[in-house]
Amino acid sequence: MSDILNIPDSKPASSVPRARQSELQTTGFVFDIKKYAIHDGPGIRTTVFFKGCPLYCKWCQNPESWKRHPELGFRTSRCISCGLCVEACTHHAITSIQGQPVTDANKCNLCGQCVDACMAGAREIIGRQITVSEVIAEVEKDVVFYDQSGGGVTFSGGEPMMQPEFLLALLNQCQVQQIHTAVDTSCYAEPDVVECISKRTDLFLCDLKHMDSNMHERFTGVGNNLILDNIKLLSEAGKEIIIRIPIIPGFNDDQANIEATGKFAASLPRLSSIDILPYNRGGKEKSSRLSPGTILMQTDTPDEKKMNSIAQALKNHGFEVNIGG
Amino acid sequence: MNERVTKLRKQSVDTRPYISTERAELMTDFYKSDIPTGKSVPLCRALSFKYLMENKSICINDGELIVGERGPAPKATPTYPELCCHDLEDLRILCTREKTTYIVSDDVTKIYKDKIIPFWTGKTMREKLFSAMDEKWHQAFNAGVFTEFMEQRAPGHAILDDKIYRKGMLDFKRDIAENRKNLDHSSDPKANEKDQEYHAMDICADAVITFARRYADKAIELAQQETNPVRRSELEQIAEVCSHVPANAPRNFQEALQSYWFVHLSVITELNTWDSYNPGRLDQHLFPFYKKGLAEKTLNPQQAKELLQCFWIKFNNQPAPPKVGITEEQSGTYTDFALINVGGVTPTNGADAVNDISYMILDVVEEMHLTQPSSCIQLSKKNPNRFLRRACEVIRTGLGQPSVFNTDVIIKEMLQDGKSLTDARTGGPSGCVTVSSFGKESCTLTGYINWPKIFELACNNGIDPSSGAQVGPQTGDSCQFTSYQQLMDAYTEQLRYFIDLKINANNIIERLFADYMPAPFMSIITDDCIARGLDYHDGGARYNSTYIQGVGIGTVTDALAAVKYHVFDQQSCTMEELMTATQANFQGYERLRHTLLNHTPKYGNDEDYADSITEDVFNVYYESLNGRPNTKGGKYRVNLLPTTVHIYFGSVVGALPNGRKAGEPVSEGISPSQGCDTKGPTALIKSAARIDHTRTGGTLLNMKFNPQLLAGDGIDKLAHLIRVYFTLDGHHIQFNVIVAEMMRKAQKHPEQNRDLVVRVAGYSDYFVDIGRDLQNEIIARTEQQSF
């Protein structure tokens, strides 16, 4: 950790730092790179999804991001019970039980032979180890779109700050290539990591899930003190911040929490806007593809009226509020 | 939409197309009479046109402000037996087939049986054309290697410039007389032929004036019977308008629209031209009349809009004349491809041409929500973003209109073709996407060419596997090829063979139309037919481009990529294995097919492996075709578009190494193979831009879009996408906004819809990848969208 904290302060804009070769080979775990991301910051963006998250939010939209390392995904709905995966597995990790393939995680080494063999597209390896240069090559492809639209790249996840060396190397490369960067974060990270990352980041999308630390812990697995401190830290450092609140009915959509959120936001010296994102059931669907243990809650999607009233309550604190982000 | 327009629109939308024998009967009467005896072909054509214009029914619909129908009433569809005489079986198919049906009454069938069929059998252009083709051509045509545009319709694809807003038919008559007088009979060996053409043009100009005058008379007659004073005064106004135009140049907004409409009807009555006719840059043509009307307080914006709406309905009242057989399969639609252009730049100084009428037309397109006329915006980097944004709002309604064209690239395309800068700026697209210089060009699309079929023949040593016949040249046993280049060479040789075959045939067909089917009316309004004394079909136009439209770039790329990747680069299978599997239509080779479909580079994902092959496929076509001479002093050019032919072409191609099964559609336009672009719209745009659009006369890119992606500022992102595609020199893009129906189709056929992206909420996902419940929820949500 210590070596990455000793980075020099950003140089003046006139001198463009050169790409550091060693950084280009830095690797990290990523589970998706999505082009034409239009809700993760300004303009047309590419969003790089990091794998691994310190939070386990019960409504999570991307439960495949929780584990840091690659894992096997399986869609029961697609499986045609052909048995080809059982045949293909040279480690004998897959057995057929009543026509359904069942994978023994202890024997599976994620070699991917069963994925190649699966004609129904029911099996996938979620996540891969990838170098900075590979990510940048993909991001670079859409520079013409960023230029036109004022877009750039967003590092999301999972929690990008859980892989600080990788993230920092990516941010450095983006700065070299003059690509706008956003980090979409839970802000659950060591403050020195946050500070170090902040020096290379143009925009932070900070998730804020609940103002009550106990509630936060019950639904995400961790308290919110560190998160609130980090948001303050970023704001006080003069960083551009958008606060993003997932609206989860029955968890954080009550008036008291919205008021407390508004007050906290108002206490920040600098804040661009607040996005409120309605809960959706996408995560529940995705979690069924993962190995057992990923249990998500299911609730209703908040209706338009509810979203508008929350937006208005936050606007009353003097913020620009966007629904959907 | 006011009450008048609502009523007219309803009448137009609710009336089902039906066959009218009026034109066929009049043509038969004329050619049975002794008028044609001893007269030249152009003269006969002009006199038959005169006969039609003097005798066809006059129809003024209740409440309408712009008048004139192609047939006796809205949706009454005339036929053109001199081009293609439908037999009784055709008529039966027309009224019973599943799509694009036309009602055929018993009377129609009887008249056809007793009068039309007996007279025209053996005399049609269709028969002349087919009997002039050699066996090799027939073999290729029957195998589905190419289609033939002229077998049921006539060359057209013409667009009007501003000339009728400056001049009336009386002025054209003076021009014709002047040129005719100056013919040099002593030194110009063609002087007599030209004299006949001038005489024919002159007769046609009079015929159109007569036709308009008949409308004026009818309007007066109706006015005299009319009890409602408001309608009476409208009818008197119509009579006044029709007495003045198109004999003279229009004086006001209504006359401008009415004058165009008479010209439009005349073109599509004279012949059944492919892509009917087209007013081109309506916003630029109308703006001076609009300004004048406002200044003189004789017109207000509401009136102008109402007139435009009435004008729109006239287009929708005219379904394309019925097509049968392969021509129907390649273009199975009622749409007759009148494509109204707005925006772009001004011809003289290339300045931003967007004006108040541009926006008004977009309002009309949105409000009328009709499939005819088609509309497009021409977008130059000089046009303001608010114009593009407004167009995007209309696109968001899911009409598929307006399509968006890149003016700056169109100008480059035309300059590459040797046109003057002013003529280049005067031009734009017509039909689907192909560009020409408005008012100055005979731009002829002669047929689609089936690249995937040609690939299949290259794999099979020129033998068509479906018939066993030697359709193409022997280019070697592909299983013996030792390099990818050998396969590419075989493909190129096959391609060149069929291009030669098609061009040789086109040379004959062009002469058939020049000799037997001149279009003297169309020649009046196309520069420089009058100056040259030559017909539109005989090189009279200033520019004479010919096209053979390339189809299936996505499919061919993927098929070539599959062979290159698996046989030669990875050596994961042999050509023989691939050939065996495709011959078996992958039955028993599911695993190989899975690899070919899912683990093989595909065009459309911004990845060099496949996209570089796309470039090669385009270049080889360009080099084989571009610049070849036609018989009208013009040249062949390249364009890439499909209408609906990708389905027909797919039906005649067996299984291919990209995993596509026999009979499945080939890729359309410059789109990737169905469901094979999985990296989103930016990747697709980058891939499509690998083709050098500036060397074409048009390409067609269709992009599917989810309405949720267009909500809120999504519309600005869409505008950015378009600007980027155009920065990369893309020619055209249109958006198919996803409706619930498409998602239901994707539920049934997930394998064909892997590229369908939907916005779930905070994120987007591939529709086929999400669970059934969520799919249903999104379908329900889409249906609730109130755009």
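Rules used throughout
Residues numbered from 1 in each chain as written. Chains lettered and ligands numbered in written order. Predicted model: local features only at pLDDT ≥ 70, side-chain atom pairs only at ≥ 80, totals over all residues. Helix = DSSP H or I, 4+ residues; strand = E, 2+ residues; numbered from the N terminus. Buried ≥ 20, exposed ≤ 12 C-beta atoms within 10 Å, placed from the backbone. Contact = placed C-beta atoms within 7 Å. Domains from an automatic or database assignment. Nonpolar A, V, L, I, M, F, W, Y, C, P; charged D, E, K, R; others polar. Arc of directions from axis to C-beta. pLDDT = per-residue confidence, 0-100. Pairing = 2+ DSSP bridges. Axes fitted to C-alpha atoms, helices over the stretch in contact; angles between N-to-C directions. Left-handed = near helix turned anticlockwise from the far one by under 90°. Core = buried A, V, L, I, M, F, W, Y, C linked by C-beta atoms within 7 Å. Expected span 1.5 Å × (residues − 1).

(A) Highlighting the overall build of chain B. The secondary structure content of chain B amounts to 32 helices and 14 strands. Once the C-alpha set of chain B is aligned to its principal axes, its extents read approximately 80 × 60 × 55 Å. Residue burial in chain B is summarised as follows: out of 787 residues, 58% are buried. Within chain B, contacts between residues at least 6 apart in sequence are counted, and of these 76% link residues at least 24 apart.

(B) Summary view of the domain arrangement of chain A. All names here are of chain A. Taken domain by domain, chain A comprises domain 1 (20-67 + 128-323) and domain 2 (72-126). Placing the centre of domain 1 and that of domain 2 at their C-alpha centroids yields a distance of 33 Å. Facing the five residues of domain 1 at the interface are five residues of domain 2. For the side of domain 1 that touches domain 2, a count of residues per class yields two nonpolar, one polar and two charged.

(C) Local environment of helix H5 (residues 132-140) of chain A. All names here are of chain A. Taken residue by residue, H5 has Val132, Val135, Ile136 and Val139 as its buried positions. Seen along its axis, H5 keeps its buried residues to an arc of 95 degrees; they face one direction. On its buried face, H5 sits against helix H2 (21-24), strand E1 (27-37), strand E2 (45-50), strand E7 (128-131), strand E8 (152-156) and helix H7 (164-176).

(D) Seen up close, the confidence of the model for chain B. Residues at a pLDDT of 70 or more form 97% of chain B, whose mean pLDDT is 94. We note a pTM of 0.92 for the whole complex and an ipTM of 0.90 for its interfaces.

(E) Fine view of the interface of chain A and chain B. Residue-level contacts link 23 residues of chain A with 27 residues of chain B. Among the elements of the structure, E1, helix H6 (143-149), strand E12 (273-278) and helix H12 (282-287) of chain A are those that each provide at least two residues to the side of chain A that touches chain B. It is H6 of chain A that contributes the most residues to the side of chain A that touches chain B, four residues altogether. The class makeup of the residues in the side of chain A that touches chain B is eight nonpolar, nine polar and six charged.

(F) Local environment of the confidence of the model for chain A. Chain-level statistics for chain A give a pLDDT mean of 89 and a share of 92% at 70 or above. Confidence drops under a pLDDT of 50 for residues 1-17 of chain A, and excluding neighbours within four residues, the segment shows 14 contacts in the predicted structure.

(G) Focus on unusual backbone geometry. All names here are of chain B. With omega at 5 degrees, the peptide bond leading from Val245 into Pro246 counts as cis. Tracing the backbone shows Pro246 in the loop between helix H11 (229-244) and helix H12 (253-270). Of the consecutive residues Gln372 and Pro373, the connecting peptide bond is found in the cis state with omega at -5 degrees. Locating Pro373 in the fold gives a position in the loop between helix H16 (356-368) and strand E4 (374-379). Although it is not a glycine, Lys297 sits at a positive phi angle of roughly 60 degrees.

(H) Representation of the environment of Asn214 of chain A. With respect to the helices, strands and loops of the structure, Asn214 of chain A is situated in helix H9 (residues 213-220). Each C-alpha atom, one on Asn214 of chain A and one on Gly83 of chain A, is 47 Å from the other, the two residues being 131 residues apart in sequence.

(I) Summary view of the sheet that holds strand E11 (residues 702-705) of chain B. Residues and elements named next belong to chain B. Pairing in this open sheet of five strands is mixed, and the strands run E3-E4-E5-E12-E11 from one edge to the other. Where the open sheet ends on each side, the last strands, each with one partner, are strand E3 (339-343) and E11. Neighbouring strand axes in the sheet, compared pairwise and without regard to direction, differ in orientation by 30 degrees on average. Sitting on the sheet, helix H18 (residues 407-416) touches E4 and strand E5 (403-406), and the angle it makes with E5 is about 50 degrees.

(J) Up close: the sheet that holds strand E11 (residues 240-247) of chain A. Residue and element names in this part refer to chain A. Across the sheet, which stays open at both edges, the nine strands sit in the order E7-E1-E2-E8-E9-E10-E11-E12-E13 with mixed pairing between neighbours. The open sheet has two free edges, formed respectively by E7 and strand E13 (321-323), since each of these has just one partner strand. The mean inter-strand angle of the sheet, taken between neighbouring strand axes irrespective of direction, is 30 degrees. Relative to E11, strand E10 (residues 203-207) is paired through five bridges, and the arrangement is parallel. Across the sheet, residue Cys206 finds its bridge partner in E11, namely Ile243. Against the sheet, H5 makes contact with E1, E2, E7 and E8, and its axis sits at roughly 80 degrees relative to E7, the strand it touches most.

(K) Highlighting the packing of helix H6 (residues 125-132) of chain B against helix H21 (residues 484-516) of chain B. Residue and element names in this part refer to chain B. Their axes nearest at 10 Å, the elements H6 and H21 cross at an angle of 145 degrees. Regarding H6 and H21, the two cross each other, and that crossing is right-handed. Facing Met125, Lys128, Leu129 and Ala132 of H6, the residues of H21 in contact are Ile508, Ile509, Leu512 and Tyr516. Of the residues belonging to the contact of H6 with H21, the class tally is seven nonpolar, no polar and one charged.

(L) How the structure looks around the nonpolar core. Judged by nonpolar contacts, the single largest core of 296 residues is most densely connected at Cys204, Val208 and Ile722 of chain B. When residues of this core are assigned to their parent elements, the largest contribution, 12 residues, is made by helix H10 (residues 191-225) of chain B.

(M) Region of the structure containing H7 of chain A. All names here are of chain A. With 13 residues, H7 extends 18 Å from end C-alpha to end C-alpha; this agrees with the ideal 18 Å at 1.5 Å per step. When you tally the buried positions in H7, you get 11 out of 13 residues, the bulk of the element. Taken together, the buried positions of H7 are Pro164, Phe166, Leu167, Leu168, Ala169, Leu170, Leu171, Asn172, Gln173, Cys174 and Gln175. Downstream of H7 by one or two residues, Gln178 has phi in the positive range, about 55 degrees.

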